Amino acid sequence: MKRTKIVDLLRAEVLDIDVEVKGWVRTRRGNKYVQFVALNDGSTIRNLQIVFDMNKFTDEQLKAVTTGSSIHVIGKLVASQGKGQTCEVQADTLEVYGTADPEVYPLQKKGHTLEFLREIAHLRPRTNTFGAVLRVRSTLAFAIHTFFQGKGFFYLNTPLITSSDCEGAGAMFQVTTLPLNDLPRTEDGKVDYSQDFFGKPTSLTVSGQLEGELGATAIGEIYTFGPTFRAENSNTQRHLSEFWMIEPEMAFYDITDNMDLAEEFVKYCIRYVLDHCRDDIEFLAEHYDKGLIERLEFVLHNDFVRLTYTEGVKILQESGHKFEFPVSWGIDLQSEHERFLVEQHFKKPVILTDYPRDIKAFYMKQNEDGKTVRAMDVLFPQIGEIIGGSEREADYDKLLTRIKELNIPMKDMVWYLDTRRFGTVPHSGFGLGFERLLLFVTGMTNIRDVIPFPRTPKNCEF
Ligand code: 4AD
Ligand code: MG
């Protein structure tokens with residue numbers, strides 16, 4: 001006989017057959033005649049009830065069946081007498097794979113705080129909450145590939161180790177094999193990187209965009225989906241040092257095409273999760289965020305508001321609202337400003353465009369006004385910025401001037417400039433933070449709770 005997953009058993013249409021199930025015990029209760037075990041194998045949030053007729057089993061056998069222990073049961077799948085489930089298994093045989101001593105197993109019953117679970121992140125996937133989050137995460141990753149593949153985009157793998165700083169923010173983790181306690185030096189006392197592994201300074205990537213542009217200007221429409229690293233010292237509910245980013249990049253798209261794609265893309269993802277993870281989303285809504293499903297539906301059924309940064313700043317200034325960080329044209333908007341526009345003013349997702357040139361990266365297309373660039377940020381309720389993107393500067397001379405103004409080392413940029421030197425085309429792209437989207441669809445509030453093993457400043461466990 002072969003094991004059947006619980007998700008499949010709970011959907012079974014044929015009853016009164018022998019089945020084999022394996023999983024972890026969530027709870028056991030009962031009396032001396034009959035014992036009930038709630039069994040979970042991770043395939044669904046729902047548990048399968050196993051009924052032990054105590055005429056067939058001894059107390060000794062059942063004693064090892066405690067919360068967290070792993071068991072293997074063969075029995076008959078029957079219609080359930082009890083409430084809350086359609087079918088259950090009447091056990092014929094029991095094998096205990098592994099016990100979980102109730103004195104020390106930390107996940108007894110319920111009611112652990114998310115803070116406590118973060119400290120035992122190696123065990124938290126066994127809770128209902130993290131099982132739900134991990135299943136949603138997996139489904140969402142599949143939705144992303146499905147969306148782009150369905151549109152004829154190509155999945156491009158951009159490097160994780162790089163020698164260029166895409167965002168120019170300097171928040172990179174250096175990669176080196178040099179002995180840090182005994183660094184080789186050049187004659188003028190600088191670190192001699194010619195002796196390093198790659199023969200020059202290298203880091204973990206903050207974005208695959210620049211290489212993504214090489215792909216888009218060759219095979220048309222690409223997307224990346226991979227880990228990204230930022231050594232910013234931001235200890236917030238929305239920042240990770242290692243996060244996953246999806247970066248589509250498209251030849252022949254202007255900023256409007258880019259916005260249309262971004263909006264269609266996030267709506268597709270939300271719809272997909274609602275359609276494919278209903279049980280998990282309902283569980284998360286019930287336990288963490290009563291308004292979750294309504295908010296997801298709301299985003300699906302409304303057009304995103306599109307306005308310029310300059311208009312946004314005006315609304316903030318005229319709002320009369322007292323912000324912690326005062327608003328003036330030219331500032332980088334803080335999360336409180338973004339959330340005010342989305343949650344209080346428009347009460348809808350917002351796409352802000354045409355940001356001041358000086359607060360955005362060097363590669364963005366410059367507007368005629370000489371002050372702004374064709375950037376777009378998608379702002380979401382609860383989250384703030386979920387997507388950042390732009391139309392790219394396609395003009396060789398303008399791009400080169402900007403690179404020089406910002407003192408970006410030219411030797412690092414020659415290959416990038418070649419996209420504009422040979423057969424340049426208008427093109428655009430954006431980056432979606434995978435965990436930011438997960439925060440939105442799961443209703444969790446801390447980004448550390450939507451990635452299995454979070455990396456944040458001073459925290460790199462497991
Ligand atoms: O706005 P960002 O920095 O844009 C880029 O990296 C561009 N190269 C993207 C592009 O145009 N191809 O980052 C994009 C998104 C943000 O909107 C946010 O959702 C997410 O990545 N993000 C983070 N998510 C978690 N933790 C962090 N520290 C993040 N930094 C950015
Ligand atoms: Mg950004």
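Anyway, here's the lowdown on the structure attached to this text. Being a predicted model, the structure only gives us computed values, none of them experimental. (Residues numbered from 1 in each chain as written. Chains lettered and ligands numbered in written order. Predicted model: local features only at pLDDT ≥ 70, side-chain atom pairs only at ≥ 80, totals over all residues. Heavy atoms only, no water.)

With respect to the overall build of the protein
Here is step 1: Within the protein, the secondary structure is distributed over 13 helices and 16 strands.
Here is step 2: Principal-axis analysis of the C-alpha atoms gives the protein an extent of 85 × 55 × 45 Å.
Here is step 3: Here the protein holds 462 residues, and 49% of them are scored as buried.
Here is step 4: Residue pairs in contact within the protein that sit at least 24 positions apart in sequence constitute 66% of those at least 6 positions apart.
Here is step 5: For the protein, the accessible surface area stands at approximately 22,600 Å², while carbon and sulfur atoms represent 51% of it.
Here is step 6: In the protein, 54 side chains carry a positive charge and 67 a negative one; their mean positions are 4 Å apart. (Helix = DSSP H or I, 4+ residues; strand = E, 2+ residues; numbered from the N terminus. Buried < 20%, exposed > 50% of the residue type's maximum accessible area, 1.4 Å probe, protein only. Contact = heavy atoms within 4.5 Å. Areas by Shrake-Rupley, 256 points an atom, 1.4 Å probe, with all protein chains shown as cover. Lys, Arg positive; Asp, Glu negative; His and termini not counted. Charge placed at Lys NZ, Arg CZ, Asp CG, Glu CD.)

Thoughts on the sheet that holds strand E8 (residues 174–175)
Here is step 1: Read across the sheet, three strands follow the order E7-E9-E8 without closing on themselves; strand pairing throughout is antiparallel. One side of each edge strand has no neighbouring strand; the edge strands of this open sheet are strand E7 (161–162) and E8.
Here is step 2: In this structure, E7 lies alongside strand E9 (residues 202–204), joined through two bridges in antiparallel fashion. When the sheet's bridge partners are listed, Thr162 is paired in E9 with Ser203. (Pairing = 2+ DSSP bridges.)

Brief notes about the side chain of Ser70
Here is step 1: Tracing the backbone through its elements, the reader meets Ser70 in strand E4 (residues 70–79).
Here is step 2: Exposure remark for Ser70: the relative accessible area of 15% places this residue in the buried category.
Here is step 3: If sequence neighbours within four positions are ignored, Ser70 has contacts with Gly23, Trp24, Glu95, Val96, Tyr97 and Gly98.

Structural notes on the pattern of salt bridges
Where charged atoms of side chains with opposite charge meet at close range, the side chains can pair.
Here is step 1: Taken as a whole and judged by the stated rule, the model has 28 salt bridges.
Here is step 2: The salt bridge partner of Arg306 is Asp260, with a shortest N-O separation of 2.9 Å. One end of the pair, Arg306, is in strand E12 (residues 305–308); the other, Asp260, is in helix H6 (residues 255–276), and 46 residues separate them in sequence.
Here is step 3: With relative accessibility at 33%, the residue Arg306 sits in the partly exposed group.
Here is step 4: The closest approach of N and O atoms between Glu343 and Arg339, which form a salt bridge, is 2.8 Å. One end of the pair is Glu343 and the other is Arg339, both in helix H10 (residues 335–346) and four residues apart, which spans about a single turn.
Here is step 5: In this structure Glu343 comes out as partly exposed when scored by relative accessible area, which is 26%. (Salt bridge = Lys/Arg side-chain N within 4 Å of Asp/Glu carboxyl O.)

A look at the site of ligand 1
Here is step 1: Taken together, 25 residues surround ligand 1, and among them Glu167, Gln209, Glu247, Glu385 and Ile386 come closest.
Here is step 2: In this structure, a nitrogen atom belonging to ligand 1 sits 2.7 Å away from a side-chain N or O atom of Glu167.
Here is step 3: Look at ligand 1: alone it shows 630 Å² of surface, and the protein chains cover 93% of it.
Here is step 4: Contributing elements (two or more residues each) for the shell around ligand 1: strand E11 (242–251), strand E15 (384–391) and strand E16 (427–433).
Here is step 5: If one sorts the elements of the shell around ligand 1 by residue count, E15 sits on top with five residues. (Near = heavy atom within 4 Å. Polar contact = N/O pair within 3.5 Å; in protein donor to acceptor, adjacent residues only side chain to side chain.)

Some points on helix H4 (residues 128–150)
Here is step 1: For H4, spanning 23 residues, the distance from its first C-alpha to its last is 32 Å, which sits close to the expected 33 Å at 1.5 Å a residue.
Here is step 2: Trailing H4 by a residue or two, Gly152 shows a phi angle of about 80°, which is positive. (Expected span 1.5 Å × (residues − 1).)

Quick look at the packing of helix H7 (residues 278–288) against helix H8 (residues 292–300)
Here is step 1: Where H7 contacts H8, the two axes come as close as 8 Å, and the packing angle between them is 120°. Here H7 is positioned oblique relative to H8, judged by the angle of their axes. When H7 is examined against H8, the residues Arg278, Ile281, Glu282, Leu284 and Ala285 are found in contact with a partner set consisting of Leu292, Ile293, Leu296 and Glu297.
Here is step 2: In the contact of H7 with H8, the residues fall into six nonpolar, no polar and three charged. (Axes fitted to C-alpha atoms, helices over the stretch in contact; angles between N-to-C directions. Parallel < 35°, antiparallel > 145°, perpendicular 65-115°, else oblique. Nonpolar A, V, L, I, M, F, W, Y, C, P; charged D, E, K, R; others polar.)

Section: the sheet that holds strand E3 (residues 48–53)
Here is step 1: On the basis of which strands lie adjacent, the closed barrel formed by five strands has the order E1-E2-E3-E5-E4 and mixed pairing. Within this sheet the neighbouring strands show an average axis-to-axis angle of 55°, counted without direction.

Things to note about the environment of Phe229
Here is step 1: Along the polypeptide, Phe229 turns up in strand E10 (residues 221–229).
Here is step 2: Relative accessible area serves as the criterion here: at 10%, Phe229 is assigned to the buried category.
Here is step 3: The sequence separation of Phe229 and Val206 amounts to 23 residues, and the corresponding C-alpha distance is 5.1 Å.
Here is step 4: Beyond its immediate chain neighbours, meaning those up to four positions away, Phe229 contacts Ala171, Phe173, Leu204, Thr205, Val206, Ser241 and Glu242.

A short note on the packing of H4 against H6
Here is step 1: At a minimum axis distance of 9 Å, the contact between H4 and H6 shows a crossing angle of 135°. The orientation of H4 with respect to H6, classified from their angle, is oblique. For the element pair H4 and H6, the recorded crossing hand is right-handed. Seen from H4, the contacting residues are Val136, Thr139, Leu140, Phe142, Ala143, Ile144, Thr146, Phe147 and Phe148; seen from H6, they are Leu261, Glu264, Phe265, Tyr268, Cys269, Tyr272, Val273 and His276. (Left-handed = near helix turned anticlockwise from the far one by under 90°.)

With respect to the packing of aromatic side chains
Here is step 1: The tally for this structure, following the rule as stated, stands at 22 aromatic pairs.
Here is step 2: Pairing Phe362 with Tyr363 gives two aromatic rings, centres 5.4 Å apart and planes at 75°, and the pair type is edge-to-face. Each member of the pair Phe362 and Tyr363 is classed as buried.
Here is step 3: Centroid distance Phe380 to Phe440: 4.7 Å. Interplanar angle 70°. Geometry classified as edge-to-face. Taken as a pair, Phe380 in strand E14 (residues 372–380) and Phe440 in helix H13 (residues 434–442) lie far apart in primary sequence, 60 residues in all.
Here is step 4: Counting every residue linked through ring pairs, the aromatic cluster contains Phe147, Phe148, Phe153, Tyr155, Tyr223, Phe265, Tyr268, Tyr272 and Phe430.
Here is step 5: The aromatic ring of Tyr355 is capped on one face by Lys360, whose charged end is 4.2 Å from the ring centroid. (Phe/Tyr/Trp six-rings, centres within 6.5 Å; stacked < 30°, edge-to-face > 60°. Lys NZ or Arg CZ within 6 Å of the ring centre and 35° of its normal.)

Things to note about the pairing of E16
Here is step 1: Most of E16 sits out of view: seven of its seven residues are buried.
Here is step 2: By the bridge criterion, five bridges tie E11 to E16 in an arrangement that is antiparallel. Bridge pairing links Ala251 to His427 in E16.
Here is step 3: Summarising the sheet, E15 and E16 pair through five bridges and their orientation is antiparallel. Bridge assignment links Gly389 to a residue of E16, and that residue is Phe430.

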